[in-house]
Amino acid sequence: MIRKSPQTMTSRSPRSSARPQLSEKATAHIRGLIMSGELRPGTLVRPETIGEDLGISTTPAREALQALRVEGFLELVPRRGFVVGPLTGQDIRDLFQVQALIGGELAARAAAKATEQDVAELEALHHELIAAAARNDHDRLEEKNHAFHREINLLADSRKIIWLLGLVTRYVPRQFYSSIPGWPRATMDDHAELLQGIKAKDPEATRAAMQQHIVHSGELLAAHFDARVAAAQTDGAATDDAQTDDAGGLASA
């Protein structure tokens, strides 16, 4: 039996762990493009293009496409390749409705357990979020929003519910939130309502505030998605009309 030297095993370890990370990055990237409406249903998605966009090889890009096929975001069409599967604004609303139920329960539990120090930390995150919004620093805004929700979820101290929430939120394009019209303002206002419920140690008020916040976010994303799809369809129809007019002009000439 041939034994591998420690040096050999160590040198191969980083490469073996790098590919899943790259494919996960590509998966999240493509999923976000689909959920935001940038990649519309029926659009062809090539691993070569994804690889070029992200600066990765086609292997992890193809693995990402396969993963998204399993999730239902992509379909594999014979002799064509991977195309974006059916998705509507209502599908997005449905996902957020489920997230709202789970997130509301976590928020209610957090409100019952939060200490004064916990509230102070949440308020500090909220103020940093407001400052980022004022500077139009979208990356920082999304970072602080994620940290705010993560802190609430951790305060709930329910690993299984957090795990379930993770299954749902993996479909949400976190990196596109701040570009959605109305989302920064909605986030600041909704978080203020959440903080009031937590400070008052009112689980039911906090549950309602979190559910309303998540549903509100879902509605903004769904409306954004619907508008992009409608605009693309209008542009496509205009292009078809122009081509028809051009063809008619040539025929009459």
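Scoring rules and cut-offs
- Residues numbered from 1 in each chain as written.
- Predicted model: local features only at pLDDT ≥ 70, side-chain atom pairs only at ≥ 80, totals over all residues.
- Heavy atoms only, no water.
- Helix = DSSP H or I, 4+ residues; strand = E, 2+ residues; numbered from the N terminus.
- Buried < 20%, exposed > 50% of the residue type's maximum accessible area, 1.4 Å probe, protein only.
- Contact = heavy atoms within 4.5 Å.
- Areas by Shrake-Rupley, 256 points an atom, 1.4 Å probe, with all protein chains shown as cover.
- Pairing = 2+ DSSP bridges.
- Axes fitted to C-alpha atoms, helices over the stretch in contact; angles between N-to-C directions.
- Left-handed = near helix turned anticlockwise from the far one by under 90°.
- Nonpolar A, V, L, I, M, F, W, Y, C, P; charged D, E, K, R; others polar.
- Salt bridge = Lys/Arg side-chain N within 4 Å of Asp/Glu carboxyl O.
- Patch = residues over 30% accessible without salt bridge, like charges linked within 9 Å, V, L, I, M, F, W, Y side chains within 5 Å.

Caption draft 1: Examining the overall build of the protein more closely. The helix and strand inventory of the protein stands at nine helices and three strands. Mapped in sequence order, the helices and strands of the protein form the string α-β-α-α-β-β-α-α-α-α-α-α. With 253 residues in all, the protein has 40% of them scored as buried. For the protein, the share of sequence-separated contacts (at least 6 apart) that also reach a separation of at least 24 residues comes to 78%. As presented, the protein carries roughly 14400 Å² of accessible surface, and 53% of it is formed by carbon and sulfur atoms.

Caption draft 2: The arrangement of the environment of Lys199 in detail. One can find Lys199 in helix α8 (residues 183-199). Taking C-alpha positions, Lys199 is 9.9 Å from Glu123, a pair spaced 76 residues apart along the chain. Setting aside anything within four residues of it in sequence, one finds Lys199 in contact with Val119 and Glu123.

Caption draft 3: How the structure looks around the sheet that holds strand β2 (residues 74-77). Reading across from one edge, β1-β3-β2 is the order of the three strands in this open sheet, with antiparallel pairing throughout. On the outer flanks of this sheet lie β1 (44-45) and β2, each paired with one strand and no other.

Caption draft 4: View of the packing of helix α2 (residues 47-54) against helix α3 (residues 58-71). Put simply, α2 and α3 touch, their axes get as near as 8 Å, and they point 120 degrees apart. The way α2 lies across α3 gives a crossing that is right-handed. Contact residues: α2 offers Pro47, Glu48, Ile50 and Gly51, while α3 offers Thr58, Ala61, Arg62 and Leu65. A class-by-class count of the residues in the contact of α2 with α3 yields four nonpolar, two polar and two charged.

Caption draft 5: Quick peek at the pattern of salt bridges. This model, assessed by the stated rule, comprises 12 salt bridges. Of the charged contacts, one joins Glu105 and Arg109 as a salt bridge, the two residues approaching to 2.7 Å between their closest N and O atoms. One end of the pair, Glu105, and the other, Arg109, are both in helix α4 (residues 89-113), four residues apart, so they sit about a helical turn from each other. Judged by its relative accessible area of 22%, Glu105 falls in the partly exposed class. Look at Arg109 and you get partly exposed, because its relative accessible area is 34%. Taken together, the salt bridges that share partners define one network made up of Glu105, Arg109, Glu204 and Arg207.

Caption draft 6: Spotlight on the environment of Glu75. Summarising the element assignment, Glu75 is placed in strand β2. C-alpha of Glu75 to C-alpha of Leu65: the two residues are 10 residues apart in sequence and 9.1 Å apart in space. Excluding residues within four positions of it along the chain, Glu75 makes contact with Gly81, Phe82, Val83, Gly85 and Pro86.

Caption draft 7: Broad picture of a nonpolar patch on the surface. On the surface, Trp163, Leu164 and Leu167 cluster together into a nonpolar patch covering about 310 Å² of accessible area. Residue position: Leu164 is located in helix α7 (residues 159-169). For Leu164, a relative accessible area of 41% corresponds to the partly exposed category.

Caption draft 8: Region of interest: the environment of Gln212. Among the structural elements, Gln212 can be located in helix α9 (residues 203-252). On the accessibility criterion, Gln212 (58% relative accessible area) is exposed. Residues Gln212 and Leu194 lie 18 residues apart in sequence; the distance between their C-alpha atoms is 9.9 Å.

Caption draft 9: Here's a closer look at the pairing of strand β3 (residues 81-84). Direction of pairing for β1 relative to β3: antiparallel, over a ladder of two bridges. Bridged to Val45 within β3 is Phe82. Pairing of β2 with β3 involves four bridges; the strand directions are antiparallel. The residue bridging Leu74 from the neighbouring strand is Val84, located in β3.

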